Amino acid sequence: MTRTPFELEDMLADRALEDALLEVPLEVHVFRAVFGLAVAVALAVGLQVFHLAVVKHDLYAARAEANIMDVRVEPAPRGIIRDRFGKALVENVPSWSAILVPRDLPADSDARNAIINHVATLLEEDPEELRARVAAKDWSVSDRLVLSDALSQDALLTLSPEAISGVHVERSFRRVQADRFAYAHLVGYTGRVGSADLARDPSQSPEGVMGRTGIEAAYDEFLRGEDGRTVTYWNAHGEEQGTAQYEAPTAGAEVRTFIDAELQEFLYERF
């Protein structure tokens, strides 16, 4: 077997060339550029993490929670307002509400519009007005919109057995006064909670009602009670995993007044 001889001069020349290449220093500006790029990337990542974890924490936490659970609110009956003799000046009449949950609507725009048109017809409402209500809703406050809290018998019979994506039928109450005129100026009235109301009082329920005038407003904190919640859990595939009742609704406290209901009615009839 023939071996190729290595000349000593060639070996020394190759080693000298290798040493020359290894000893070439990098310029200082290269290190500065790499360091500056690393700092910029670290700052960008840090700012984004801070934005998501601190600034937008509540928003993304709510979205993540919404992806794994469906919360149904069971409204608490408002407390009864009575006159000095115990006569009820208002009462809670059981009713049914239609609730719109946009995230449960079909992704296809034509299918969504068809559902909006169908629900508007059932509620005897103009479809464009219903779309305007959906567009005007502050969805950062709640992902549910009460379409109606007093469904007619016909609408209830249609919606109850019919599965319409994005529309739920839930039990509710309507506030009805014993006499709409005799002491309405004293009792006052209620209205739906809005985003401005929640900003002033975060303890309010986004889908609830609150007192607007009169005794309903003055004693709203005592009258409104505590809503109940039923939570349904889902997995990543959208399959129901179980339902848990977090808390049952607690009715509001009664308010006893110095109003004489019969005297108010007598005076109203005479005037």
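Quick look at the structure, then. In this text the structure is predicted, and so the values were computed from the model without any measurement.

### Section: the packing of aromatic side chains
Evaluation of the coordinates by the stated rule reveals two aromatic pairs. For the pair Phe-181 and Tyr-268, a centre-to-centre distance of 6.1 Å together with 5° between the ring planes defines the contact as stacked. In this pair, Phe-181 is assigned in the loop between β5 (167-177) and α7 (184-187) and Tyr-268 in helix α11 (residues 261-270), connecting sequence segments 87 residues apart. For Tyr-268, a relative accessible area of 42% corresponds to the partly exposed category. Pairing Tyr-219 with Phe-222 gives two aromatic rings, centres 6.5 Å apart and planes at 45°, and the pair type is tilted.

### Things to note about the layout of surface pockets
Computed from the structure, the second largest pocket encloses a volume of approximately 240 Å³. Around the second largest pocket, the lining is made up of 15 residues, and of these Lys-137, Leu-145, Val-193, Gly-194 and Pro-206 lie nearest the centre. When contributions to the lining of the second largest pocket are tallied by element, the ones reaching two or more residues are α5 (127-136), β4 (145-148) and α8 (195-200). Split into classes, the residues belonging to the lining of the second largest pocket amount to seven nonpolar, two polar and six charged.

### Description of the nonpolar core
In terms of nonpolar packing, the biggest core is built from 19 residues, with Leu-100, Val-119, Leu-147, Leu-151, Leu-159, Ile-164 and Val-167 touching the most fellow members. Looking at this core, the elements that each hand over two or more residues are β3 (90-100), α4 (109-122), α5, β4 and α6 (153-159). When residues in this core are grouped by element, the largest group, five residues, is from α4. Leaving out residues up to four positions away in the same chain, Leu-100 has contacts with Leu-105, Ile-116, Val-134, Asp-143, Arg-144, Leu-145, Leu-147, Gly-166 and Val-167.

### Side note on the packing of α4 against α5
Look at α4 against α5: their axes get within 9 Å of each other, and the N-to-C directions meet at 115°. Viewed along their axes, α4 and α5 adopt a mutual orientation that is roughly perpendicular. The hand of the α4/α5 crossing is right-handed. Between α4, through Asn-113, Ile-116, Asn-117, Val-119 and Ala-120, and α5, the contact on the second element is made entirely by Pro-127, Leu-130 and Arg-131. Residue composition of the contact of α4 with α5, by class: five nonpolar, two polar and one charged.

### Details of the pairing of β3
Examined bridge by bridge, β3 and β5 share 11 bridges and lie antiparallel to one another. Note on β5: the bridge partner recorded for Ser-95 is Ser-172. The pairing of β3 with β4 spans three bridges and is antiparallel. Directly across from Leu-100, in β4, lies its bridge partner Leu-145.

Quick notes on the rules
Residues numbered from 1 in each chain as written. Predicted model: local features only at pLDDT ≥ 70, side-chain atom pairs only at ≥ 80, totals over all residues. Heavy atoms only, no water. Phe/Tyr/Trp six-rings, centres within 6.5 Å; stacked < 30°, edge-to-face > 60°. Helix = DSSP H or I, 4+ residues; strand = E, 2+ residues; numbered from the N terminus. Buried < 20%, exposed > 50% of the residue type's maximum accessible area, 1.4 Å probe, protein only. 1 Å grid on protein atoms, 1.4 Å probe; cavity = no way out; pocket = protein on both sides within 12 Å on 5 of 7 lines; lining within 4 Å. Points joined across faces, edges and corners; volume = space filled by probe spheres on them. Nonpolar A, V, L, I, M, F, W, Y, C, P; charged D, E, K, R; others polar. Core = buried A, V, L, I, M, F, W, Y, C linked by side-chain atoms within 4.5 Å. Contact = heavy atoms within 4.5 Å. Axes fitted to C-alpha atoms, helices over the stretch in contact; angles between N-to-C directions. Parallel < 35°, antiparallel > 145°, perpendicular 65-115°, else oblique. Left-handed = near helix turned anticlockwise from the far one by under 90°. Pairing = 2+ DSSP bridges.

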